[in-house]
Amino acid sequence: MTLLPAAGRSLSAIMRKWRILMAIGLLALLAIWIAARPSEPDPAEVSGASTRMMPGGEPQSVEEAAGGLPTKFSSRHSVITRPTHSPARLREFYLPAVEIDGLPLAAALEKLRGAYEDACLQAGEVPVPLVFVVPPGVDGVLHVKLPPATFTASLRLLAAVAGMKVVREDAEFRFEPPSTMALPSQVVPPDFLSRLAALSGSPQGTDLAGSLKALGLELDDPGSVSFLAHGHIVFTGSTPADRARVSELIFNLCQGRPLQHKLESKLVQIPAGLEWTVPDKSAMSDDDLQNLVHVLSQIKGVEVMTLQSVTARGGEEATIEVVREIIEPVPGTPNEFEEHKVGVVYRATPHVLAFGHTLDMDLSVTGGDFDPTSMRFVVEEEVRIEGRGYAADGSSRLQVQTHPDGSRTLLVVSPVLVDATGRPVNRAE
């Protein structure tokens with residue numbers, strides 16, 4: 001054992017104490033730095049302090065507000081997921097009707113974003129992280145009922161109602177005053193006033209000035225814009241800014257095209273005991289459907305029925321009937337008869353959404369026979385399939401019902417978006 005001299009032991013003790021004091025000092029400095037560091041402002045608190053702050057968006061800084069810079073806000077996601085479509089495809093992405101009731105442009109954009117994200121959720125899409133850039137002072141209150149349209153069309157129409165135009169750069173949408181280069185008059189469709197009244201939620205027959213006022217489109221001189229009976233909008237003494245705002249609205253309101261849903265359906269009866277598994281998915285591509293039908297048609301006992309195709313507008317119920325009518329007299333009531341329909345009755349109500357369709361479907365297959373006891377024809381429902389689901393345009397949606405005896409009924413619906421002439425919108429026949 002080696003003993004250190006007294007001076008050495010004293011120096012070692014001093015060094016240990018010095019290291020302990022240094023560690024305590026560093027911890028104290030770290031605690032002071034953490035306490036003094038500015039915390040991120042709570043979005044709710046910022047919202048109360050700024051009229052241009054939107055839920056889920058980025059607040060405008062004091063320096064930006066002082067300098068008159070645009071408000072820039074975007075959605076925040078706790079988990080970053082790669083979008084399943086590009087910003088360019090937003091011109092093909094359909095939204096349902098969106099009502100803006102008494103909101104400034106920034107708040108209206110957040111409502112439009114919410115409709116877009118809800119549509120993505122229903123369609124199984126991952127949304128694009130959108131960024132909106134709005135210049136200061138655009139705070140007029142808007143009242144508009146946006147019809148079902150693509151995201152891009154809805155956004156442009158909303159901008160036009162606010163007296164702006166929108167320019168896209170990747171996923172960023174910048175709102176700017178429209179170009180002041182506008183003609184002194186413009187030709188509009190014969191039903192322009194009806195479209196404008198529907199957009200503003202005004203009664204049919206409302207004049208141009210009334211609809212523009214109801215929309216919240218602020219003009220320097222509302223009386224300088226008039227509608228002539230032969231389908232012209234005339235600007236008399238209008239400021240260049242007024243002509244630009246109304247011209248932008250006219251252009252975007254007249255861009256819409258009527259869409260219809262062409263529904264092609266198949267009904268497949270699969271007997272009990274067949275060792276065949278229904279595909280584990282509710283939607284199929286056209287190629288997958290063709291392969292499925294080919295395989296099933298080769299199996300003994302499987303019946304494939306192709307129903308008549310039908311075309312319907314969005315929100316309109318389409319009905320297909322493959323039935324035989326049974327007419328019999330009403331007991332105890334002379335000269336009165338009762339009608340029964342036996343067979344297949346299929347009803348579907350389509351809506352355009354995202355890159356395809358939502359379908360409310362109801363299928364009923366009935367049979368029947370004469371009952372010798374009651375001397376009446378008795379109808380019995382054999383199959384009932386109901387449901388709501390999404391199908392991408394040109395794909396097929398499957399729904400199946402398994403019966404108590406083990407047999408199965410498979411309903412396959414293939415919707416396609418078509419224009420007013422019946423031609424597919426998104427693909428060649």
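Residues numbered from 1 in each chain as written. Predicted model: local features only at pLDDT ≥ 70, side-chain atom pairs only at ≥ 80, totals over all residues. Heavy atoms only, no water.

(A) Quick peek at the pattern of salt bridges. In total, this model carries 15 salt bridges according to the counting rule given. Among the salt bridges present, the one from E338 reaches R376, with a minimum N-O distance of 2.3 Å. Taken as a pair, E338 in strand β17 (residues 337-353) and R376 in strand β19 (residues 376-392) lie far apart in primary sequence, 38 residues in all. Of the residues examined, E338 reaches a relative accessible area of 31% and is grouped as partly exposed. Between E381 and R384 there is a salt bridge whose closest N-O contact spans 3.0 Å. Accessibility expressed as a relative area gives 44% for E381, which makes it partly exposed. (Salt bridge = Lys/Arg side-chain N within 4 Å of Asp/Glu carboxyl O. Helix = DSSP H or I, 4+ residues; strand = E, 2+ residues; numbered from the N terminus. Buried < 20%, exposed > 50% of the residue type's maximum accessible area, 1.4 Å probe, protein only.)

(B) Geometry of the side chain of H357. Along the chain, H357 falls in strand β18 (residues 356-371). With a relative accessible area of 0%, H357 lands in the buried category. Within polar-contact distance, the side chain of H357 engages the side chain of H261 at 2.8 Å. Beyond its immediate chain neighbours, meaning those up to four positions away, H357 contacts H261, H351, G389, Y390, A391, A392, D393, P415, V416 and L417. (Polar contact = N/O pair within 3.5 Å; in protein donor to acceptor, adjacent residues only side chain to side chain. Contact = heavy atoms within 4.5 Å.)

(C) Highlighting the sheet that holds β17. Read across the sheet, four strands follow the order β16-β17-β18-β19 without closing on themselves; strand pairing throughout is antiparallel. Of all strands in the sheet, those bounded by a partner on one side alone are β16 (318-329) and β19. Within the sheet, the average angular offset between the axes of one strand and its neighbour, ignoring direction, is 10 degrees. (Pairing = 2+ DSSP bridges. Axes fitted to C-alpha atoms, helices over the stretch in contact; angles between N-to-C directions.)

(D) Examining unusual backbone geometry more closely. Of note in this structure, D170 is not a glycine but carries a positive phi near 60 degrees. When you line up the elements, D170 lands in the loop between β7 (165-169) and β8 (172-176). For D170, a relative accessible area of 51% gives the class exposed. Residues other than glycine seldom take positive phi values, yet M375 does so here, at roughly 60 degrees. With respect to the element layout, M375 can be found in the loop between β18 and β19. Overall, the relative accessible area of 53% leaves M375 in the exposed class.

(E) Structural view of the confidence of the model for the chain. With 80% of its residues at a pLDDT of 70 or more, the chain has an overall mean of 81. Below a pLDDT of 50 lies the segment residues 1-9, which in the model reaches one contact outside its immediate sequence neighbourhood of four places, other chains included. Between residues 58-67, whose pLDDT stays under 50, and residues either more than four places distant or in other chains, the model counts 15 contacts. (pLDDT = per-residue confidence, 0-100.)

(F) Up close: the sheet that holds strand β9 (residues 185-187). The three strands lie next to each other as β9-β11-β10, forming an open sheet whose pairing is antiparallel. The open sheet has two edge strands, β9 and β10 (225-228), and neither has a second partner. Across the sheet, the axes of successive neighbouring strands diverge by a mean angle of 20 degrees, strand direction being ignored. With three bridges joining them, β9 and strand β11 (residues 232-235) adopt antiparallel strand pairing. Considered in β11, the bridge of Q186 is made with I233. With respect to the sheet, helix α8 (residues 240-253) is in contact with β9, β10 and β11, its orientation differing from that of β11 by roughly 165 degrees.

(G) Region of interest: the pairing of strand β5 (residues 142-146). By the alternation rule, side chains of β5 split into L142, V144 and L146, which are all buried, and H143 and K145, of which none is buried. Across five bridges, strand β3 (residues 98-103) lies against β5 in antiparallel orientation. The residue bridging E99 from the neighbouring strand is K145, located in β5.

(H) The arrangement of the packing of helix α5 (residues 151-161) against α8 in detail. Running from N to C, α5 and α8 cross one another at 155 degrees; their axes reach a closest spacing of 8 Å. Between α5 and α8, the crossing angle belongs to the class labelled roughly antiparallel. The two elements α5 and α8 cross, and the hand of that crossing is left-handed. Listed contacts from α8 to R156, L157, A160 and V161 of α5 are R245, E248, L249, N252 and L253. (Parallel < 35°, antiparallel > 145°, perpendicular 65-115°, else oblique. Left-handed = near helix turned anticlockwise from the far one by under 90°.)

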